[in-house]
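Remarks on the overall topology
Listed here are the chains, written in short residue letters.
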Amino acid sequence: MRPEQKKVSSMLGLIAAVASALFGKSPKTSIDDIKRADFKTSSQRIGVRFTDKIRNVFRSRWLKKS
């Protein structure tokens, strides 16, 4: 790369960095936002039913996680 190209590239990089710093900030998230976004996983709420046989197979894994 020629020295002129390096200068132009570094200047464009500086401008891009300043622009992203000014316009790229996201608003702060609060605890209420997190509570609204968080949902409890429940198979019954989404309409999935497990038989007792399937439930017995996975019960030990579910109990270890909680």
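Residue positions within a chain follow its written sequence, with the count starting from 1. pLDDT decides what is reported in this predicted model: residues at 70 or higher carry local features, side-chain atom pairs at 80 or more are listed and counted, and totals for whole chains, interfaces and linings draw on all residues regardless. To obtain the side-chain values, all non-hydrogen atoms of the structure were used and water was disregarded.

**Examining the overall build of the chain**
Along the chain, the regular secondary structure elements total three helices and zero strands. The helix count covers DSSP runs of H or I at least four residues long, the strand count covers runs of E at least two residues long, and both are numbered beginning at the N terminus. Reading the chain from its N end, one meets helices and strands in the order α-α-α. We get accessible surface area from the Shrake-Rupley algorithm with a probe of 1.4 Å; when it comes to residues, only the shown protein chains can shield them. Accessible surface, the chain as shown: approximately 6900 Å² in total, 61% of it carbon and sulfur.

**A look at a nonpolar patch on the surface**
Only residues above 30% relative accessible area that lack a salt bridge enter a patch, with like-charged residues linked at up to 9 Å and the nonpolar side chains Val, Leu, Ile, Met, Phe, Trp and Tyr linked at up to 5 Å. A side-chain nitrogen of Lys or Arg and a carboxyl oxygen of Asp or Glu constitute a salt bridge if their distance falls within 4 Å. Among the surface-exposed residues, Val8, Met11, Leu12, Leu14, Ile15, Val18, Leu22 and Phe23 lie close enough to one another that they form a single nonpolar patch of about 870 Å² accessible area. Its location among the elements puts Val18 in helix 1 (residues 3-23). Relative accessible area decides the class of each residue, using a 1.4 Å probe on protein chains only: under 20% of the type maximum gives buried, over 50% gives exposed, and in between gives partly exposed. A residue is classified by how much of its surface remains accessible, and Val18, at 45% relative accessible area, is partly exposed.

**Some thoughts on the confidence of the model for the chain**
Within a predicted model, pLDDT stands for the predictor's per-residue confidence, ranging from 0 to 100. Predicted confidence across the chain gives a mean pLDDT of 79, with 85% of residues reaching 70 or more. When mean pLDDT is compared element by element in the chain, helix 1 scores highest at 86, while helix 3 (residues 52-65) scores lowest at 76.

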